[in-house]
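# Residue-level structural notes
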Amino acid sequence: MRIGIVCPYSLDRPGGVQLHVLDLAKALMDRGHEVSVLAPAAKDTPVPAYVSSAGRSVPIRYNGSTARLTFGLMAASRVREWLKLGHFDVVHLHEPGAPSLSVIAMWARVGPTVATFHSSQSESVAMRLGKPWIKPGYEELDARIAVSPSAAATIRDHLRVQATHIIPNGVDTSRYVRARSDKRWEGTREAPTIGILGRLDEPRKGLEDLLAAIPAVRARHPHARFLVAGRFSDRIAAKAARAGAEVVGELDEDQKARFMASVDIYCAPNTGGESFGIVLVEAMAAGAAVVASDLTAFMDVSTIADGGHAAAHHAVGDPASLAARINELLDDPAGREELAERGRECAAAFDWSNVAPRVEETYRDAIRMDAEFHPHPTKDVSTP
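Worth saying up front: this structure is predicted, and the values here are computed from it rather than measured.

About the thresholds
Residues numbered from 1 in each chain as written. Predicted model: local features only at pLDDT ≥ 70, side-chain atom pairs only at ≥ 80, totals over all residues. Heavy atoms only, no water. Helix = DSSP H or I, 4+ residues; strand = E, 2+ residues; numbered from the N terminus. Rg over C-alpha atoms; globule rule 2.2 N^0.38 Å. Buried < 20%, exposed > 50% of the residue type's maximum accessible area, 1.4 Å probe, protein only. Contact = heavy atoms within 4.5 Å. Areas by Shrake-Rupley, 256 points an atom, 1.4 Å probe, with all protein chains shown as cover. Pairing = 2+ DSSP bridges. Axes fitted to C-alpha atoms, helices over the stretch in contact; angles between N-to-C directions. Phe/Tyr/Trp six-rings, centres within 6.5 Å; stacked < 30°, edge-to-face > 60°. Salt bridge = Lys/Arg side-chain N within 4 Å of Asp/Glu carboxyl O. Core = buried A, V, L, I, M, F, W, Y, C linked by side-chain atoms within 4.5 Å. Expected span 1.5 Å × (residues − 1). Polar contact = N/O pair within 3.5 Å; in protein donor to acceptor, adjacent residues only side chain to side chain. Parallel < 35°, antiparallel > 145°, perpendicular 65-115°, else oblique. Nonpolar A, V, L, I, M, F, W, Y, C, P; charged D, E, K, R; others polar. Right-handed = clockwise from strand over helix to strand, strands pointing away. Disulfide = S-S within 2.5 Å.

### Some remarks on the overall build of the chain
- Along its length, the chain carries 14 helices and 15 strands.
- Radius of gyration (C-alpha) of the chain: 21 Å, near the 21 Å computed for a compact globule of 384 residues.
- Judged by the C-alpha coordinates and their principal axes, the chain covers about 70 × 40 × 40 Å.
- The buried share among the 384 residues of the chain stands at 56%.
- The contacts of the chain with a sequence gap of at least 6 include a subset with a gap of at least 24, amounting to 68%.
- About 16,800 Å² of surface is accessible on the chain, with carbon and sulfur atoms providing 53% of the total.

### A closer look at the sheet that holds strand β15 (residues 312-314)
- Read across the sheet, 6 strands follow the order β12-β11-β10-β13-β14-β15 without closing on themselves; strand pairing throughout is parallel. Of all strands in the sheet, those with a lone pairing partner are β12 (246-249) and β15, marking the two edges. Adjacent strand axes in the sheet meet at a mean angle of 25°, parallel and antiparallel pairs treated alike.
- Two strands pair when backbone bridges link them, and strand β13 (residues 265-268) and strand β14 (residues 289-293) are joined in this way by 4 bridges, in the parallel orientation. Counted as the bridge partner of Cys267 is Val291 from β14.

### Some words on the packing of aromatic side chains
- Under the defined criterion, the tally for this structure stands at 4 aromatic pairs.
- Summarising the aromatic geometry, the rings of Trp185 and Phe259 are spaced 5.4 Å apart at their centres and angled 70° between planes, so their arrangement reads as edge-to-face. With Trp185 in the loop between α6 (174-178) and β10 (193-198) and Phe259 in helix α9 (residues 253-262), the pair connects residues that are 74 residues apart, well separated along the chain.
- Overall, the relative accessible area of 5% leaves Trp185 in the buried class.

### Notes on the pattern of salt bridges
- On inspection of all chains with the given rule, the structure shows 23 salt bridges.
- The salt bridge partner of Asp264 is Arg336, with a shortest N-O separation of 3.9 Å. Taken together, the positions of Asp264 in the loop between α9 and β13 and Arg336 in helix α13 (residues 333-348) put the pair 72 residues apart, joining distant regions of the chain. The pair Asp264 / Arg336 is uniform in exposure class, with both members buried.

### Topic: the nonpolar core
- One finds Phe259, Tyr266, Leu280 and Met284 to be the most contacted residues of the largest nonpolar core, which totals 37 residues.
- Put simply, the parts of the chain that give this core at least two residues each are α5 (149-159), β11 (225-230), α9, β13, α10 (278-286), β14, α11 (296-302) and α13.
- Broken down by element, the residue count for this core peaks at 7 residues, all from α10.
- Residues contacting Met284, with those up to four places away along its chain left out, are Val290, Val301, Ala310, Ala340, Gly343, Arg344, Cys346 and Ala347.
- Core analysis: the next-biggest nonpolar cluster, separate from the first, contains 32 residues, Val37, Ala39, Ala98 and Ala366 among them.

### Re α5
- When you tally the buried positions in α5, you get 8 out of 11 residues, the bulk of the element.
- One or two residues past the end of α5 sits Arg160, with phi positive at roughly 55°.

### A word on helix α12 (residues 319-331)
- Compared with the 18 Å implied by 1.5 Å per residue over 13 residues, the 18 Å span of α12 between its first and last C-alpha is a close match.
- Every buried residue belonging to α12 is among Ser321, Leu322, Ala323, Ile326, Asn327, Leu329 and Leu330, and all of these are buried.
- Its side-chain oxygen 3.1 Å from the backbone nitrogen of Ala320, Asp318 forms the N-cap of α12.

### What to know about unusual backbone geometry
- In the Ramachandran plot, His87 falls in the positive-phi region, its phi being about 50° despite a non-glycine side chain.
- With respect to the secondary-structure elements, His87 resides in the loop between α2 (73-86) and β6 (90-94).
- Accessibility expressed as a relative area gives 58% for His87, which makes it exposed.
- Located in the positive-phi region is Arg160, a residue other than glycine, with phi close to 55°.
- Residue position: Arg160 is located in the loop between α5 and β9 (165-166).
- By relative accessible area, Arg160 is classed as exposed at 58%.

### Examining the packing of helix α1 (residues 16-30) against helix α14 (residues 352-373)
- One can describe the packing of α1 onto α14 by two numbers: an axis separation of 10 Å at closest approach and a directional angle of 85°. Judged by the angle between their axes, α1 and α14 are roughly perpendicular. Where α1 approaches α14, its residues His20, Asp23, Leu24, Ala27 and Leu28 are matched on the opposing element by Trp352, Ala356, Val359 and Tyr363.
- Within the contact of α1 with α14, the residues separate by chemical class into 7 nonpolar, 1 polar and 1 charged.

### Comments concerning the side chain of His20
- Checked against the element boundaries, His20 lands in helix α1.
- There is a polar contact of 3.1 Å between the side chain of His20 and the side chain of Asn169.
- Not counting residues up to four positions away in its chain, the partners in contact with His20 are His94, His118, Asn169, Gly170 and Trp352.

### Observations regarding the pairing of β12
- Both β11 and β12 contribute to a ladder of 3 bridges, which runs parallel. Residue pairing across strands places Leu227 opposite Glu246, the latter belonging to β12.
- Each parallel crossover has a hand, and for β11 linked through helix α8 (residues 234-242) to β12 it is right-handed.

### Examining the state of the cysteines
- Applying the stated rule across the entire model yields 0 disulfides.
- There is no disulfide at Cys346, and the cysteine sulfur nearest it, in Cys267, is 17 Å away.

Remember, this is a structural readout, not a statement about activity or role.
Here's what the structure looks like:
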């Protein structure tokens, strides 16, 4: 198939959706398809050959963080030109509720169109205000993918639109499975390591709760080391240091995998705004025992076949509960290793080798649906 994928968020500073789009494109190309990605990107931003830039972006507060989006007449012109020249068998939009390229492409549709919804929000002013303009477009989509039940609930509860498929984000788990630990971040029985990684300037990532949990953990394990890694301001770094944590700073993708493979416990104390726990999958694949807040999206990711969980969960926004889960795992090394092993098995289900075929089949469903309800010439894509 010829597949067009639209990413609403800028590739200047990649986040979860951008990485998902790029990884999906590579997984589909590995399966023999032709793929073109349209995304915002500044002129000096290095992008893969299969990416078409829609130009520079502007920072906008969206879904609890600052997203870099592209909109306006120039963006609309670039979307229409890309659609016209692409001759795509199917177009895949990501997060078409964001005021950026995907919503433009949704209204400029010229053939079979699929959308993936990543956001999970109990309340969204933007979605409520945009409902009159975006709901009709959602209803015209040939397939609607939600990355988790909580993401499906978001569009159902806010817009009364049903997801047609629930397909999780894919993760290239091989990088994490192969990752070797780094002595700088390895723990010992007397001095175990507890790590957190992410864009920690964002309050919803839960760093405040982890820092608040440090005294209760050190009361039982006085030499426990708390490692804070990721992208954040000097102010956040200073706050973490004052709380007794070690500031690791920003890591590249390989270092990130080694970090997760090194720590005894990986913490994801996020407080909201998550529709899928990709960081949990990465940490579990690397072999870390994971402690995460009990957000619905995180519970969905860690649930295993027998109804149990591959991560230890604490009450969201509760440092005392977080400290208790950490202490329980530090008190029980054998139980911690058992949890880590369950995590490895759970993470395998999210590998692209399992996820990409499901996305591909959704494309075929969308092409059949479009042929039925929007008749126009399309190529035969009934076989890979």
